Amino acid sequence: MTMIKLQKTEPVKMAEFRISESESMQYKLLYQIRTGNMSASELDKLQFLCTNELHQLRSELDKMLQELRDLNNQMQGKKDDNNKEKDKESIAA
């Protein structure tokens, strides 16, 4: 009898649109803002989206920075957790 092991997989996450990844969208938004073609509610929504995106990017950067620190510690042969706490500086505000 053959046993099949199921691997635990994360659900497929749809790629999220980011304003920061589209230069043409940035220019379009800047033009709309400069010409006054956006209402107050549209500007509020844009501010909310930009704030959320900035938070996500900072979190991703924090994770990458921690991974780099871990790799550096492994390469240096460091296994002291005290150094890990001293070195950890968050970029997220």
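Structure shown above.
Residues numbered from 1 in each chain as written. Predicted model: local features only at pLDDT ≥ 70, side-chain atom pairs only at ≥ 80, totals over all residues. Heavy atoms only, no water.

Focus: the overall build of the chain
Part 1 of the argument: When you go through the chain residue by residue, the secondary structure sums to 3 helices and 0 strands.
Part 2 of the argument: In sequence order, the chain lays out its α and β elements as α-α-α.
Part 3 of the argument: Counting contacts in the chain only where the partners sit at least 6 residues apart, residues at least 24 apart contribute 54% of the total.
Part 4 of the argument: Working note: accessible area of the chain is about 8,900 Å², and carbon and sulfur atoms make up 55% of it. (Helix = DSSP H or I, 4+ residues; strand = E, 2+ residues; numbered from the N terminus. Contact = heavy atoms within 4.5 Å. Areas by Shrake-Rupley, 256 points an atom, 1.4 Å probe, with all protein chains shown as cover.)

Focus on the pattern of salt bridges
Part 1 of the argument: Counted under the stated rule, the structure contains 2 salt bridges.
Part 2 of the argument: When the shortest N-O distance is used, the salt bridge between E21 and R18 registers 4.0 Å.
Part 3 of the argument: Of the charged contacts in the structure, one is a salt bridge between E60 and R18, with a shortest N-O distance of 2.3 Å. Of the two residues, E60 sits in helix α2 (residues 40-76) while R18 sits in the segment before α1 (23-34), which places them 42 residues apart along the sequence.
Part 4 of the argument: When its relative accessible area of 30% is taken as the criterion, E60 is described as partly exposed.
Part 5 of the argument: Each member of the salt-bridge network shares a partner with another, and the members are R18, E21 and E60. (Salt bridge = Lys/Arg side-chain N within 4 Å of Asp/Glu carboxyl O. Buried < 20%, exposed > 50% of the residue type's maximum accessible area, 1.4 Å probe, protein only.)

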